[in-house]
There are 2 protein chains.
Amino acid sequence: MRISSIKNISTYSNRGMDLENDINDTNKYYLDNDIAVIYKKPTSVTIHKAEYPGPHKAVIKEAYFKTPSTTDYNGVYKGKYIDFEAKETKNKTSFPLSNIHEHQIIHLNKISKHGGIGFIIVRFTLLNETYLLFIKDLNEYLKNNDRKSIPYNYFKEKGHIINVKYAPRLNYLEIIDKYGGIYEKN
Amino acid sequence: MRISSIKNISTYSNRGMDLENDINDTNKYYLDNDIAVIYKKPTSVTIHKAEYPGPHKAVIKEAYFKTPSTTDYNGVYKGKYIDFEAKETKNKTSFPLSNIHEHQIIHLNKISKHGGIGFIIVRFTLLNETYLLFIKDLNEYLKNNDRKSIPYNYFKEKGHIINVKYAPRLNYLEIIDKYGGIYEKN
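Draft legend 1. Examining the sheet that holds strand 3 (residues 57-65) of chain B more closely. Sheet architecture is open: four strands sit in the order 2(A)-3(A)-3(B)-2(B), paired in antiparallel fashion. For this open sheet the edge positions go to strand 2 (45-54) of chain A together with strand 2 (45-54) of chain B, each flanked by a neighbour on one side alone. Ignoring which end each strand starts from, the neighbouring axes of this sheet average 20° apart. Pairing of strand 2 of chain A with strand 3 (residues 57-65) of chain A involves seven bridges; the strand directions are antiparallel. Opposite Glu 51 of chain A, over in strand 3 of chain A, you have Val 59 of chain A as the bridge partner.

Right under this line is the structure:
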């Protein structure tokens, strides 16, 4: 069996203007450079109707988006289980919590309880700033405040800014190296 | 925020006759009993056409199944990253390797290299036996033999049988407890 190693630096280029592309590019960089194995999960759909025009062909003709029960990204880094959700907002002063489902927060807490590292990545697009907020700090906020939104200042205070670079675009594992250990258990 | 805990033992009942149901039931049991957080990933599809009959409604009208780049199941158990693929075969004497994509084997090797625990679960349906085979032992076989199929006897020799019970249906984490440590690094 041939273990192929694809290194194509041109694919990390500037096409990624939004957060999802930046994270996908970053994860590809991590994978190609043997740093971590982190993937975005496929979009969750319920298939109602499919047709089979050929023996090995299937066309889905009716399907619906499902509310995801977990987060979008997970994987392994230095033996640690990594799990996070990523969202962007055009709001300049706060991050509306309607962006994240309650069961995703519950999921991140379970991850943390079982020794994984759970967090959210939030980009304030108009400020051009991206933050990593560990689930522990998200909980801390939710415990003491109203649950409609998290102020931008809370990210500045408790979150960790992720700088955008050429490659990797969004080196969030740097934050895990620095702070992941202390957040492993809730 | 309310952390809801759903415990509905009746859902672990005998509906799971095939391997996927057995594993899903088992993972639900692990989740509900706070043992581990392991999920099946959604089926990977490429959406070509979607319609929006209402402001918050979307119907996918044309989509295709994608070849998955990773395995079906992953999650966290006792701080360890767990990753596996599950397949059944009606063959009584061997497991045809066409059931598993080469990039899934490459993926499991990467997982193992980064400190996760990677394996396959194979059920010989007509023998009613289910085995867990760690990626290390799968590699060992592939290195020394033809790559078309793995004989049943190899599973008996190097694999670990998983007994089917009421709940959890297929307690594969028992095998991880026993043997996972020695397989963490390749």
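More follows now that the structure is in view.
Draft legend 2. Here's a closer look at the side chain of Gln 104 of chain B. All names here are of chain B. Structurally, Gln 104 is set in helix 2 (residues 102-113). Here the side chain of Gln 104 touches Glu 85 through a polar contact of 3.4 Å, side chain to side chain. With sequence-adjacent residues up to four places away left out, Gln 104 is seen in contact with Pro 68, Thr 70, Thr 71 and Glu 85.

Draft legend 3. Local environment of the packing of helix 2 (residues 102-113) of chain A against helix 3 (residues 135-144) of chain A. All names here are of chain A. With their axes 10 Å apart at the nearest point, helix 2 and helix 3 run at an angle of 130° to one another. Looking at the two axes, helix 2 sits oblique to helix 3. Seen from above, helix 2 lies across helix 3 with left-handed handedness. Here helix 2 contributes Ile 105, Leu 108, Asn 109 and Ser 112 to the contact with helix 3, which in turn contributes Ile 135, Leu 138, Asn 139 and Leu 142. Looking at the contact of helix 2 with helix 3 residue by residue, the class counts come to five nonpolar, three polar and no charged.

Draft legend 4. Inspection of the interface of chain B and chain A at higher detail. Between chain B and chain A, the residue contacts involve 44 residues of the former and 44 residues of the latter. At the boundary of chain B and chain A, one finds two salt bridges. The tally of links between chain B and chain A comes to eleven residue pairs in polar contact (both at pLDDT 80 or more). The set of elements that each furnish at least two residues to the side of chain B that touches chain A consists of strand 1 (37-40), strand 2, strand 3, strand 4 (73-77) and helix 2 of chain B. Tallying contributions element by element places strand 3 of chain B first for the side of chain B that touches chain A, with eight residues. Of the residues belonging to the side of chain B that touches chain A, the class tally is 22 nonpolar, twelve polar and ten charged. Where strand 3 of chain A lies against strand 3 of chain B, four bridges are found, and the strand directions are antiparallel. Bridging across to strand 3 of chain B, Val 59 of chain A finds its partner in Tyr 64 of chain B.

Draft legend 5. Main features of the sheet that holds strand 1 of chain B. Residues and elements named next belong to chain B. Read from one edge of the open sheet, six strands run 1-4-5-7-8-10, paired in mixed fashion. Only two strands of the sheet have a single partner each, and these edge strands are strand 1 and strand 10 (160-161). The pairing of strand 1 with strand 4 spans four bridges and is antiparallel. Paired with Ile 38 across the bridge in strand 4 is Gly 75. Contacts from helix 3 (residues 135-144) reach strand 7 (117-124) and strand 8 (129-134) within the one sheet, and its direction differs from that of strand 8 by about 85°.

Draft legend 6. Examining the relation of the copies chain B and chain A more closely. Mapping chain B onto chain A leaves a residual RMSD of 0.0 Å; the transformation is a rotation of 180° accompanied by 0.0 Å of translation along its axis. Taken together, the turn and the small shift mark the pair as related by a two-fold rotation axis. Both copies present the same face, since 100% of the interface residues in chain B are matched by interface residues at the equivalent positions in chain A.

Draft legend 7. Representation of the side chain of His 107 of chain B within the structure. Mapped onto the secondary structure, His 107 of chain B falls in helix 2. Among the residues examined, His 107 of chain B registers a relative accessible area of 4% and is labelled buried. When near neighbours in sequence (up to four residues on either side) are disregarded, His 107 of chain B contacts Val 37 and Tyr 39 of chain A together with Ser 69, Thr 70, Thr 71 and Asp 83 of chain B.

Here is what the cut-offs are and how they apply
Residues numbered from 1 in each chain as written. Chains lettered and ligands numbered in written order. Predicted model: local features only at pLDDT ≥ 70, side-chain atom pairs only at ≥ 80, totals over all residues. Heavy atoms only, no water. Pairing = 2+ DSSP bridges. Helix = DSSP H or I, 4+ residues; strand = E, 2+ residues; numbered from the N terminus. Axes fitted to C-alpha atoms, helices over the stretch in contact; angles between N-to-C directions. Polar contact = N/O pair within 3.5 Å; in protein donor to acceptor, adjacent residues only side chain to side chain. Contact = heavy atoms within 4.5 Å. Parallel < 35°, antiparallel > 145°, perpendicular 65-115°, else oblique. Left-handed = near helix turned anticlockwise from the far one by under 90°. Nonpolar A, V, L, I, M, F, W, Y, C, P; charged D, E, K, R; others polar. Salt bridge = Lys/Arg side-chain N within 4 Å of Asp/Glu carboxyl O. Least-squares fit on C-alpha atoms with pLDDT ≥ 70 in both. Buried < 20%, exposed > 50% of the residue type's maximum accessible area, 1.4 Å probe, protein only.

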